[in-house]
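A structural walkthrough
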Amino acid sequence: MKAWTWLAPRLMSGLVLAAPVFAADLPTAERARELQNLLIQDCGSCHGLKMRGGLGPGLLPEQLSSRSPEYLTTIILYGKPGSAMPAWRGLLTPSEARWIAQRLLEGPDS
Ligand code: HEC
């Protein structure tokens, strides 16, 4: 393993800890791409590739206008017991779930 691959994440987490709270919520560019893929492929398998709904409800901004980012983050992390909506906390950190919630509220074109 190259020293840089060991060092970089540690440097980054140091930076993130020192940064203001809102910046700490932002994933790295690479992780953001992974999250975007997860959103389209995994979430899209139930909510539709364009988030217009399928097995799960549509998740477009106009359909979520009454939902707070905190509500969406909680559903993403813990799922909805008794429904097909799974919990994602094994795969996503709370700030990553919050990031996805924000993407949903801003819409696929943002
Ligand atoms: C296996 C199918 C499935 C997958 C995969 C899935 N969902 Fe869901 N989701 C559902 C269903 C079904 C509901 C509706 C639950 C209910 O209210 O009965 C739901 C509800 C939701 C809600 C709540 C919407 C609201 O207005 O209350 C959000 C937010 C959500 N899903 C986001 C996601 C995200 C983000 C992902 C990917 C990380 C995802 N879901 C993956 C099936 C799925």
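Moving on to the side chain of Glu96. For Glu96, the location among the structural elements is in helix α5 (residues 94-106). There is a polar contact of 2.6 Å between the side chain of Glu96 and the side chain of Arg31.

Another aspect to go through is the site of the ligand. Among the 22 residues in the neighbourhood of the ligand, the closest are listed as Cys43, Cys46, His47, Tyr71 and Met85. In the model, a nitrogen atom of the ligand is placed 2.8 Å from a nitrogen or oxygen of the His47 side chain. Interatomic distance of 2.8 Å between a side-chain N/O atom of Arg67 and an oxygen atom of the ligand. Most atoms of the ligand, that is more than half of them, are within 2 Å of grid points of the largest pocket. Broken down by secondary-structure element, the contributors of at least two residues to the shell around the ligand are α3 (29-47) and α4 (69-78). Examining the composition of the shell around the ligand, we find that five residues originate from one element, α3, more than from any other. Here the residues of the shell around the ligand sort into 16 nonpolar, three polar and three charged.

As a volume, the largest pocket reaches approximately 480 Å³. Taken together, 25 residues form the lining of the largest pocket, with His47, Pro57, Leu59, Ile75 and Met85 sitting closest to its centre. Contributing elements (two or more residues each) for the lining of the largest pocket: α3, α4 and α5. Looking at the lining of the largest pocket element by element, the count peaks at five residues for α3. A class-by-class count of the residues in the lining of the largest pocket yields 17 nonpolar, five polar and three charged.

Conventions and cut-offs
- Residues numbered from 1 in each chain as written.
- Predicted model: local features only at pLDDT ≥ 70, side-chain atom pairs only at ≥ 80, totals over all residues.
- Heavy atoms only, no water.
- Helix = DSSP H or I, 4+ residues; strand = E, 2+ residues; numbered from the N terminus.
- Polar contact = N/O pair within 3.5 Å; in protein donor to acceptor, adjacent residues only side chain to side chain.
- Near = heavy atom within 4 Å.
- 1 Å grid on protein atoms, 1.4 Å probe; cavity = no way out; pocket = protein on both sides within 12 Å on 5 of 7 lines; lining within 4 Å.
- Sits in = over half its atoms within 2 Å of the grid points.
- Nonpolar A, V, L, I, M, F, W, Y, C, P; charged D, E, K, R; others polar.
- Points joined across faces, edges and corners; volume = space filled by probe spheres on them.

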